[in-house]
Amino acid sequence: MTFTLDPALVIQLLVSTVLPLLVGLVTKTVTSGGVKAVLLALFALASSLLTELGVAISNGTVYDVGQGLLLALPTFLIAVGLHYGLWKPTGTSARAQQMFDRNTIVMHERR
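Note that the structure is predicted; figures quoted are calculated from it, not measured.

Colleague: For the nonpolar core, give the residues involved together with the corresponding values.
Modeller: Residues Leu19, Val23, Leu40, Ala44 and Ala79 constitute the largest nonpolar core, which totals 5 residues. Mapped by element, the contributors of at least two residues to this core are α1 (7–26) and α2 (33–59). Those residues within four positions of leucine 19 in sequence are excluded, and the remaining contacts are Leu40, Phe43, Ala44, Ser47, Thr75 and Ala79.

Right, dumping it as structure tokens:
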């Protein structure tokens, strides 16, 4: 019996955890949820294809587009799940979105 973890898949898993925050950083607070979902899907697809490219280069094998496309679906699903299960309830997603949005008004509490 062996237990191995493909480093590329571990990296892809870590990337999928921060993709919702990346979408928050590149969109405004007034951006529709549909646009954000499409951006998240595109980021998942791009990161999956790039991960597969990295695997092909490091192993000296042929680039397998099918593997990259197949990896995009779980990457997207993990990112959506983490957005609604972790980032949104803790407020991290909203803070990431407000970081570069000029339309956001930040009120500091006076003490």
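Colleague: Before we move on, could you go through the layout of surface pockets and cite the residues and values that matter?
Modeller: Taken as a whole, the largest pocket holds about 350 Å³ of empty space. Together, 16 residues line the largest pocket, and Gly33, Lys36, His83, Tyr84 and Ser93 are the ones closest to its centre. For the lining of the largest pocket, the secondary-structure elements that each account for two or more residues are α1, α2, α3 (65–90) and α4 (92–98). The dominant element in the lining of the largest pocket, judged by the number of residues it contributes, is α3, at 5 residues.

Colleague: An account of the packing of α1 against α2 is needed here, citing residue identities and associated values.
Modeller: Interhelical geometry of α1 versus α2 gives an angle of 150° and a closest axis separation of 9 Å. Relative to α2, the element α1 lies roughly antiparallel. As for the relative orientation of α1 and α2, their crossing is right-handed in sense. Contacts between α1 and α2 involve Ala8, Gln12, Val15, Leu19, Pro20, Leu22, Val23 and Val26 from the first element and Lys36, Leu39, Leu40, Phe43, Ala44, Ser47, Ser48, Thr51 and Val55 from the second. Split into classes, the residues belonging to the contact of α1 with α2 amount to 12 nonpolar, 4 polar and 1 charged.

Colleague: Break down the packing of α2 against α3 for me, with residues and values.
Modeller: Where α2 meets α3, the axes come as close as 7 Å, and the angle between the chain directions of the two elements is 135°. In terms of axis orientation, α2 runs oblique to α3. With respect to the hand of their crossing, α2 and α3 are arranged in right-handed fashion. Residues Ala37, Leu40, Ala41, Ala44, Leu45, Ser47, Ser48, Leu49, Thr51 and Glu52 of α2 form the contact with α3, whose participating residues are Val65, Gln67, Gly68, Leu69, Leu71, Ala72, Thr75, Phe76, Ala79 and Val80. By residue class, the composition of the contact of α2 with α3 is 13 nonpolar, 6 polar and 1 charged.

Colleague: Account for α3, naming residues and giving values.
Modeller: The first and last C-alpha atoms of α3 sit 36 Å apart over 26 residues, in line with the 38 Å expected at 1.5 Å per residue. Maximal helix bending in α3 amounts to about 45°, located at histidine 83. Within α3, the full set of buried residues consists of Gly68, Leu71, Ala72, Thr75, Ala79, His83 and Trp87. The secondary structure elements touched by the buried residues of α3 are α1, α2 and α4. At the exit of α3 stands glycine 91, carrying a positive phi of roughly 85°.

Colleague: Requested: an account of a nonpolar patch on the surface, with residues and values cited.
Modeller: A surface patch of nonpolar side chains, amounting to about 550 Å² of accessible area, comprises Leu50, Leu53, Ile57, Tyr63, Val65 and Leu69. Counting residues per element, the nonpolar patch draws most heavily on α2, at 3 residues. Within the secondary structure, isoleucine 57 is located in helix α2. The class for isoleucine 57 is exposed, based on a relative accessible area of 61%.

Here is what the cut-offs are and how they apply
- Residues numbered from 1 in each chain as written.
- Predicted model: local features only at pLDDT ≥ 70, side-chain atom pairs only at ≥ 80, totals over all residues.
- Heavy atoms only, no water.
- Core = buried A, V, L, I, M, F, W, Y, C linked by side-chain atoms within 4.5 Å.
- Buried < 20%, exposed > 50% of the residue type's maximum accessible area, 1.4 Å probe, protein only.
- Helix = DSSP H or I, 4+ residues; strand = E, 2+ residues; numbered from the N terminus.
- Contact = heavy atoms within 4.5 Å.
- 1 Å grid on protein atoms, 1.4 Å probe; cavity = no way out; pocket = protein on both sides within 12 Å on 5 of 7 lines; lining within 4 Å.
- Points joined across faces, edges and corners; volume = space filled by probe spheres on them.
- Axes fitted to C-alpha atoms, helices over the stretch in contact; angles between N-to-C directions.
- Parallel < 35°, antiparallel > 145°, perpendicular 65-115°, else oblique.
- Left-handed = near helix turned anticlockwise from the far one by under 90°.
- Nonpolar A, V, L, I, M, F, W, Y, C, P; charged D, E, K, R; others polar.
- Expected span 1.5 Å × (residues − 1).
- Bend = angle between axes of the 7 residues up to and from the residue.
- Patch = residues over 30% accessible without salt bridge, like charges linked within 9 Å, V, L, I, M, F, W, Y side chains within 5 Å.
- Areas by Shrake-Rupley, 256 points an atom, 1.4 Å probe, with all protein chains shown as cover.
- Salt bridge = Lys/Arg side-chain N within 4 Å of Asp/Glu carboxyl O.

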